[in-house]
Amino acid sequence: MRTRFAPSPTGHLHVGGARTAILNWLLARRHGGSFVLRVEDTDRERNVPGAEAGLLEDLRWLGLDWDEGPDVGGPHAPYRQSERTEVYREHAERLLREGRAYWCVCPPGEGDGERGACRCAGVLAPAEPPPGAAVRFRVPEGEEVVVDDAVRGRVVFGSDHVEDFVLLRSDGLPTYNFAAAVDDALMRITHVVRGSDHLNNTPKQVLVYRALGWEPPVFAHVPLILGPDRQKLSKRHGATSVAEHRRQGYPPEALFNYLSLLAWSSPSGEEKLPRGRLVAEVELDRVGASDAVFDRDKLRWLASRYLQEMPAEELARALAPFVDRERFPVADEDLPVVADALRERVSVLSEADAQLERFFGADAHRRAARERLLADPGARRVLAAVRARLAGLAEWEEGAIDRAVREGGRDAGARGRGLFLPLRLALTGEEHGPELPKVARVQGRERVLAALQFDEN
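Here goes a summary of the coordinates provided. (Residues numbered from 1 in each chain as written. Predicted model: local features only at pLDDT ≥ 70, side-chain atom pairs only at ≥ 80, totals over all residues. Heavy atoms only, no water.)

Some thoughts on the overall build of the chain
The number of helices and strands found in the chain is 18 helices and twelve strands. For 457 residues, the compact-globule estimate of 2.2 N^0.38 gives 23 Å, and the C-alpha radius of gyration of the chain, at 31 Å, exceeds that figure by more than 25%. For the chain, the spread of C-alpha atoms along the principal axes amounts to about 105 × 45 × 40 Å. Considering only residue pairs separated by 6 or more positions, the chain has 72% of its internal contacts joining residues 24 or more positions apart. Split by element, the accessible area of the chain, about 21400 Å² in all, is 48% carbon and sulfur. Looking at charge distribution, the chain has the averaged site of its 64 positive side-chain charges lying 4 Å from that of its 72 negative ones. (Helix = DSSP H or I, 4+ residues; strand = E, 2+ residues; numbered from the N terminus. Rg over C-alpha atoms; globule rule 2.2 N^0.38 Å. Contact = heavy atoms within 4.5 Å. Areas by Shrake-Rupley, 256 points an atom, 1.4 Å probe, with all protein chains shown as cover. Lys, Arg positive; Asp, Glu negative; His and termini not counted. Charge placed at Lys NZ, Arg CZ, Asp CG, Glu CD.)

Set out below in structure tokens:
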């Protein structure tokens, strides 16, 4: 099986496109085949500078690798249609020679005659094309174009409802339907798996296959991704691009897992599946024809599960870019502790700072709490005793911190609320929050000892 993903560099990678890329990658891996990446960049007016680099970055972040590319640009470069214009020109010239295409000088939409045939069809056949001429495909009359879609079943199109479509524009660049058909054939793509919004393009591509004597691939048009209101997924529904989800701190494996199962389902009915299981279980005959709804709550739940199960060191590396070190001065060596303390409290890593506020407290609250403690000799006595015990710890870890706090409480004759409330107020300025040993471990020895220092000097 040879599959492909063929994005256009017109913006960020949408989650719908990512779902298509993931499904193609999974199928190729499942069947020991090849996954081809091809950038369809011949529409110069719509291309966005930097978009291709963003697409490649998003695909790599999702863990998608492709198996081949052109000889230029290194082993990890994708195919680019802008670098293959000679290939399309050669095949257009063949169709011209065989009378299956013709030169057209009519402006788009102005020269259409019956059934969409251009009025200059069969009239203009110069040795050299005149300025501004495009190449149109001559659609045969009265034929059926049958697509045996692997998802939607048998779909029949009448050729009389297909206009004579442009193959090469006047600037020599190919149109989408021509370039896609030529590339899929020459790249030996066996299965074209793409969104159902491309179904109407399929008869034109099949006609190109027929005209050039090629066997069409297996087509599979997978359902679209909709918002909760069953309208096309857009920004009003929240993040729609892979880049936005990455910025919000979704683990890549969670997004990969979620998007994988927006097209098909596991026989087990499970929703959290490692990549190996997804590869082992994916099949086209498990893809349904109904459009899928993007459930952000389910994605957040899945993301939280991945964060909860991530090893501390790995989670710390993922968390590091999301922590505001100016507000929360966490040392690099303490990040695994912070990560472990937060893993049950966040669904996405961008929520880290909001949770760290509970560990460090707001400045205004800490100042108000300090004034309150300064006016309470009993509380200061408790804090001094706990501070003395904490200062003598050899290792700054939660178990040792918990024991030192309780020993300090015994030294000062305090326990329960009389012990823990002053300590919590001193460290965070709040009366409630995360477990105190975790708070102290996250804040670090130096900060905690300074917060518990209440002598006159």
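That was the structure; now back to the text.
Comments concerning the packing of aromatic side chains
Counting across every chain of the model gives five aromatic pairs. Ring centres of Trp25 and Phe256 lie 5.9 Å apart, and the angle between their planes is 90°; on these two criteria the pair is classed as edge-to-face. Of this pair, Trp25 sits in helix H1 (residues 15-30) while Phe256 sits in helix H7 (residues 252-260); the two residues are 231 residues apart in sequence, bridging distant segments of the chain. Measuring from centroid to centroid gives 6.1 Å for Tyr209 and Trp214, while their planes differ by 75°, and the two rings are edge-to-face. In this structure, Lys272 is placed above the aromatic ring of Tyr306, and the distance from its NZ or CZ to the ring centre is 4.2 Å. The positively charged end of Arg275 is found above the aromatic ring belonging to Trp25, 5.5 Å away from the centroid. (Phe/Tyr/Trp six-rings, centres within 6.5 Å; stacked < 30°, edge-to-face > 60°. Lys NZ or Arg CZ within 6 Å of the ring centre and 35° of its normal.)

Description of the sheet that holds strand S2 (residues 34-39)
In space, the three strands of this open sheet follow the order S1-S2-S3, with parallel pairing throughout. Each edge of the open sheet carries a strand with a single partner, namely strand S1 (2-5) and strand S3 (79-80). On top of the sheet, H1 reaches S1 and S2; it is set at about 160° to S1, its chief contact. (Pairing = 2+ DSSP bridges. Axes fitted to C-alpha atoms, helices over the stretch in contact; angles between N-to-C directions.)

Let's talk about the environment of Arg343
Assignment of secondary structure puts Arg343 in the loop between helix H11 (335-342) and helix H12 (352-360). For Arg343, a relative accessible area of 8% translates into the label buried. When near neighbours in sequence (up to four residues on either side) are disregarded, Arg343 contacts Leu307, Gln308, Glu309, Met310, Pro311, Ala312 and Leu315. A polar contact is formed between the side chain of Arg343 and the backbone oxygen of Leu307, at a distance of 2.8 Å. Looking at Arg343, its side chain comes within polar contact range of the side chain of Asp340, at 3.0 Å. (Buried < 20%, exposed > 50% of the residue type's maximum accessible area, 1.4 Å probe, protein only. Polar contact = N/O pair within 3.5 Å; in protein donor to acceptor, adjacent residues only side chain to side chain.)

Comments concerning the pairing of strand S9 (residues 191-195)
With five of its five residues buried, S9 lies for the most part within the structure. Across five bridges, the pairing between S9 and strand S10 (residues 218-222) is parallel. In the sheet register, Val193 faces S10, and the bridge partner there is Ala220. On the question of chirality, the crossover connecting S9 to the parallel S10 by way of helix H5 (residues 202-211) is right-handed. (Right-handed = clockwise from strand over helix to strand, strands pointing away.)

Topic: H7
Of all nine residues that make up H7, seven are buried, and the element is covered over most of its length. Within the span of H7, buried status applies to Ala254, Leu255, Phe256, Asn257, Tyr258, Leu259 and Ser260. Lining the buried residues of H7 we find H1, helix H2 (51-61), helix H6 (242-247), helix H8 (275-281), strand S12 (292-293) and helix H9 (296-309).

What to know about the sheet that holds strand S4 (residues 101-104)
What the three strands build is an open sheet, ordered S4-S5-S8; its pairing is antiparallel. Only two strands of the sheet have a single neighbouring strand rather than two, namely S4 and strand S8 (166-168). Between one strand axis and the next, the sheet turns through 40° on average, direction left out of account. Two strands pair when backbone bridges link them, and strand S5 (residues 134-137) and S8 are joined in this way by two bridges, in the antiparallel orientation. Residue pairing for S8: Arg136 is matched across the bridge by Val166.

Observations regarding the packing of helix H15 (residues 398-412) against helix H16 (residues 417-428)
Across the interface, H15 lies against H16 with an axial gap of 10 Å and an inter-helix angle of 120°. Put simply, H15 runs oblique to H16. When you trace H15 past H16, the crossing you get is right-handed. Contacts from Val405, Arg406 and Gly409 of H15 reach H16 at Leu419, Phe420 and Leu423. Of the residues in the contact of H15 with H16, the class split is four nonpolar, one polar and one charged. (Parallel < 35°, antiparallel > 145°, perpendicular 65-115°, else oblique. Left-handed = near helix turned anticlockwise from the far one by under 90°. Nonpolar A, V, L, I, M, F, W, Y, C, P; charged D, E, K, R; others polar.)

Describing the environment of Leu259
By the secondary structure assignment, Leu259 is in helix H7. Using a relative accessible area of 0% as the deciding quantity, one classes Leu259 as buried. Distance in space between the C-alpha atoms of Leu259 and Ala21 is 9.8 Å, their sequence separation being 238 residues.

Considering the environment of Leu302
Turning to its location among the elements, Leu302 is positioned in helix H9. You can call Leu302 buried: its relative accessible area is 2%. Residues Leu302 and Pro129, spaced 173 residues apart in sequence, show a C-alpha to C-alpha distance of 58 Å.

Thoughts on the side chain of Arg4
Inspection of the secondary structure assignment puts Arg4 in strand S1. Polar side-chain contacts of Arg4 include one of 2.9 Å to the side chain of Asp184. Residue contacts for Arg4: discarding those within four places in its chain leaves Asn24, Phe35, Val36, Arg38, Asp184, Ile189, His191, Val192 and Arg194.

Some details on the pattern of salt bridges
In the structure shown here, the tally under the stated rule is 39 salt bridges. Across the pair Arg2 and Glu68 runs a salt bridge whose closest N-O atoms are separated by 3.1 Å. Highlighted residues: Arg2 in strand S1 and Glu68 in the loop between H2 and S3, separated in sequence by 66 residues. Note on Arg2: relative accessible area 10%, which makes it buried. Linked through salt bridges whose partners overlap, the residues forming this network are Arg4, Arg38, Glu40, Arg84, Asp183 and Asp184. (Salt bridge = Lys/Arg side-chain N within 4 Å of Asp/Glu carboxyl O.)

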